[in-house]
There are 2 protein chains.
Amino acid sequence: MATVEELKLRVRELENELIKCKQKQCAVEDAQSQQLHRPKIDKMSAEVVDSNPYSRLMALKRMGIVDDYEKIRTFTVAVVGVGGVGSVTAEMLTRCGIGKLLLFDYDKVELANMNRLFFQPHQAGLSKVEAAEHTLRNINPDVSFETHNYNITTMDNFTHFMERISYGGLEEGKPVDLILSCVDNYEARMAINTACNELGQIWMESGVSENAVSGHIQLIIPGETACFACAPPLVVAANIDEKTLKRDGVCAASLPTTMGVVAGLLVQNVLKFLLKFGTVSYYLGYNAMQDFFPTMAMKPNPQCTDRYCGRQQEEYKKKEAERPKVEAVQEAEEEVVHEDNDWGIELVSEVTDAELQAASGAVPDLPEGITVAYTIPVEETEGGETVGETEQSLEDLMARMKKL
Amino acid sequence: MATVEELKLRVRELENELIKCKQKQCAVEDAQSQQLHRPKIDKMSAEVVDSNPYSRLMALKRMGIVDDYEKIRTFTVAVVGVGGVGSVTAEMLTRCGIGKLLLFDYDKVELANMNRLFFQPHQAGLSKVEAAEHTLRNINPDVSFETHNYNITTMDNFTHFMERISYGGLEEGKPVDLILSCVDNYEARMAINTACNELGQIWMESGVSENAVSGHIQLIIPGETACFACAPPLVVAANIDEKTLKRDGVCAASLPTTMGVVAGLLVQNVLKFLLKFGTVSYYLGYNAMQDFFPTMAMKPNPQCTDRYCGRQQEEYKKKEAERPKVEAVQEAEEEVVHEDNDWGIELVSEVTDAELQAASGAVPDLPEGITVAYTIPVEETEGGETVGETEQSLEDLMARMKKL
């Protein structure tokens, strides 16, 4: 039988143990909450101290690359598709200090995504937009996020998507500044294309081939450049989405390298476009097998099947005709997009579907529904008359160097 | 005065509270430990299920890109410098399932690094190699890691570095398969160059310019290609490390885009080299302002100041002379590195320092110690005879298409 003294001792022991336990719990929770945040920063500073997350970006001004880097905070970008390319795209924009990001995706994180950057194994099972927002807020709490966990191609969602890109800007009621397509299927690309043609919204397309070794980015200005429906499917060969492929026990290949490069080229083009520096690329391809980077520009197709594309083309022509000559010269200097482009090329009429078909000759047998978006140049047999890849690039370089 | 009954009641209450507190603590710790790991995977499988982190990589075999993807697990790569390029490089290799990674860096994570991919704000203050290992192990526990938190350029550390690259392979006692230089200063590059020339170790160099808008990767095979001491400092202009610059309240600019692209091109070249597919690039540049990607190859300089480079050149010549003709043809087909290269170019004698100096004319005033590694092609005034960037690439593309 316990005495009063013994019981009092026991109470004191238990109280001490409980205090220790609670202290430990607090410490764990404190550590967790500290881990999740850095304080918000009101104004971007160029001060060179270890604690300034913007010093290396603001240095772009001192280096003479960007005139007004702080302007990045005024822009809103919508990223559609938060997979291998979209997630890295969103992370780059977040780290650059973009004003607001809208993320659209209906997929969940899986361990099968771990061969690409960004998502981590403990996030498996979470929706991609939810997992991405959590990580991105932690990286940069100065960015505003708006996420939508749905498929933009269904009727209701498409209407909502249209509404958000029209009114979901940093200042509610204003449109977004740019839409980035980082989706993996034709249907979603066509949905974005339809929305942008109707709204006259500038967007950028991106894609990676199913064999993982090529990709591209493309700037689309409705009425001014070819829209996604204008051009032959040079860039996306498979009209079947990943889910369909997986059902047959087949999946596309992917590499963190190719997807990282495509995301990097895409966001670089976004920065050049928004902050007005360098030359914005209309189309930039990446062939990883040969380290070949084709560029081009495509005029819109007057016979395009998208009726809004036709209307945008008419409006663009009208605007161009109305523009006084003198102003046009001034604008050409300011608008980076217009530099060094003569719009003289219509790929529509230059390359036929049959030619494109023939071009994929070097590719081995592929599962149904999978075709490569880019062609691998066929290696010449001995005595062939074409110049090898390396030599050609080398000549190019030497010519440039001599020119300088 | 408390009675025995009251005290007993208090003891029971406290015991219950303590149990609850401990349970909660366990749950938090469990959640943390679950977050940190996925189970190890003994054998890479191509099975297409959501839980297989290697399905999209193994699909490279079915796509006809890589013959033996599983071989990736037998390779060891050393990454020197775990900053903006090195951290992403290590992450890509980890996600690809490399056998072993050795990481070398002496720096700490700072909030000022948050404008590049990989590190997160809660890691500020940790050593870069420690923080990187923690994140990378979590992403892929199948990879072996070895980290060294020191500066390789001091005498003792250099000796240890030499030892680890000589014997720190996946199978202890074997050398590493490849060294990747992802450092930000000339001294560290020279240290790696010295080590690799002495050991005859193949390595790849990488770099990003101080104005953040260009970068490069380079494959160096001692005796066979130009070493870092053979060539003029085409690729790294500043002979001063970041620490010195920061002392003067000045820092180099950097962008997650450029660093992500360079890391992607570097690891892509590593994969092509190790897994023998595509064409391995000897030198690949990235000019972000114009989306221009120069390639070239450089012969070693017979007058190179590094005496081990001279010895490696002698050995290479001997080996080449001894190699029977027939075998040489067979090997040329197998060894990807040798394809399409005629080694006819010595940049050393083609471009003088003065020409390189003159080439940087378009660059604005920069702080002392900062110069750009790449030149921005000077824009031609009207009536100039050179062909614009876009048109040239376009012609190139059209020629290729017609060829196909």
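Everything that follows concerns the structure shown earlier in this document.
Below is a short write-up of the structure. (Residues numbered from 1 in each chain as written. Chains lettered and ligands numbered in written order. Predicted model: local features only at pLDDT ≥ 70, side-chain atom pairs only at ≥ 80, totals over all residues. Heavy atoms only, no water.)

**Focus: the packing of aromatic side chains**
Two aromatic rings are characterised by how far apart their centres lie and by the angle between their planes. Taken as a whole and assessed by the stated rule, the structure comprises 13 aromatic pairs over all chains. Taking 3.6 Å as the distance between ring centres and 5 degrees as the angle between the ring planes, the aromatic pair formed by phenylalanine 293 of chain A and phenylalanine 293 of chain B counts as stacked. Taken together, the residues span two chains, with phenylalanine 293 of chain A in the loop between β7 (283-287) and β8 (295-296) and phenylalanine 293 of chain B in the loop between β7 (283-287) and β8 (295-296). Both residues of the pair, phenylalanine 293 of chain A and phenylalanine 293 of chain B, count as buried. With 6.0 Å between their ring centres and 55 degrees between their planes, phenylalanine 104 of chain B and tyrosine 150 of chain B make a pair best called tilted. On the criterion of sequence distance, the pair formed by phenylalanine 104 of chain B in strand β2 (residues 100-104) and tyrosine 150 of chain B in the loop between β3 (144-148) and α5 (155-167) is long-range, its members being 46 residues apart. Classification of phenylalanine 104 of chain B as buried rests on a relative accessible area of 1%. Here a set of aromatic residues connected by ring pairs shows up, and it is made of Phe104, Tyr150, Phe158 and Phe161 of chain A. (Phe/Tyr/Trp six-rings, centres within 6.5 Å; stacked < 30°, edge-to-face > 60°. Helix = DSSP H or I, 4+ residues; strand = E, 2+ residues; numbered from the N terminus. Buried < 20%, exposed > 50% of the residue type's maximum accessible area, 1.4 Å probe, protein only.)

**Considering the environment of lysine 128 of chain A**
Residues and elements named next belong to chain A. Counting through the fold element by element, lysine 128 comes out in helix α4 (residues 128-139). Each C-alpha atom, one on lysine 128 and one on lysine 272, is 28 Å from the other, the two residues being 144 residues apart in sequence. In this structure lysine 128 touches Val82, Gly83, Asp105, Asp107, Lys108, Val109, Asn113 and Phe119, once residues within four positions along its chain are discounted. (Contact = heavy atoms within 4.5 Å.)

**Overview of helix α5 (residues 155-167) of chain A**
Residues and elements named next belong to chain A. With 13 residues, α5 should cover 18 Å at 1.5 Å per step; its first-to-last C-alpha distance of 19 Å lies within 8% of that length. Taken together, the buried positions of α5 are occupied by Asn157, Phe158, Phe161, Met162, Arg164, Ile165 and Ser166. Tucked inside the fold, the buried residues of α5 contact β1 (76-80), β2 (100-104), β3 (144-148), β4 (178-181) and α6 (186-199). (Expected span 1.5 Å × (residues − 1).)

**Quick look at the environment of threonine 74 of chain B**
Residues and elements named next belong to chain B. Mapped onto the fold, threonine 74 is located in the loop between α2 (55-62) and β1 (76-80). Each C-alpha atom of the pair threonine 74 and phenylalanine 104 lies 20 Å from the other, and the pair is 30 residues apart in sequence. Other than its neighbours up to four places away in sequence, threonine 74 contacts Leu170 and Asp177. A polar side-chain atom of threonine 74 sits 2.7 Å from the main-chain carbonyl oxygen of lysine 71. (Polar contact = N/O pair within 3.5 Å; in protein donor to acceptor, adjacent residues only side chain to side chain.)

**Examining the sheet that holds β1 of chain A**
Residues and elements named next belong to chain A. One open sheet accounts for eight strands, arranged β3-β2-β1-β4-β5-β6-β7-β8; its pairing is mixed. Each edge of the open sheet is held by one strand with a lone partner, namely β3 and β8. With two bridges connecting them, β7 and β8 associate as antiparallel partners. From the neighbouring strand, tyrosine 283 faces β8, where its bridge partner is methionine 296. Each of β1, β2, β3 and β4 is contacted by α5, which is oriented at about 170 degrees to β2, the strand it contacts most. (Pairing = 2+ DSSP bridges. Axes fitted to C-alpha atoms, helices over the stretch in contact; angles between N-to-C directions.)

**Observations regarding the pairing of strand β5 (residues 203-208) of chain B**
All names here are of chain B. β5 sits mainly inside the fold: five of its six residues count as buried. Where strand β4 (residues 178-181) lies against β5, three bridges are found, and the strand directions are parallel. Bridge pairing in β5 links isoleucine 179 to tryptophan 203. Taking the sense of rotation as the criterion, the β-α-β connection linking β4, helix α6 (residues 186-199) and β5 turns out right-handed. Alignment of β5 against strand β6 (residues 214-220), held across six bridges, turns out to be antiparallel. Following the sheet pairing, valine 208 is matched in β6 by glycine 215. Connecting β5 to the next strand, β6, in antiparallel fashion are five residues, including alanine 212 with a positive phi near 75 degrees. (Right-handed = clockwise from strand over helix to strand, strands pointing away.)

**Thoughts on the pattern of salt bridges**
This model, assessed by the stated rule, comprises 30 salt bridges over all chains. With a closest N to O distance of 2.6 Å, glutamate 133 of chain B and arginine 137 of chain B form a salt bridge. Within this pair, glutamate 133 of chain B and its partner arginine 137 of chain B are both found in helix α4 (residues 128-139), separated by four residues, close to a single helical turn. Classification of arginine 137 of chain B as partly exposed rests on a relative accessible area of 36%. Each of the salt bridges in this network shares a partner with another, and the network as a whole consists of Lys100, Glu146, Arg164 and Glu172 of chain A. (Salt bridge = Lys/Arg side-chain N within 4 Å of Asp/Glu carboxyl O.)

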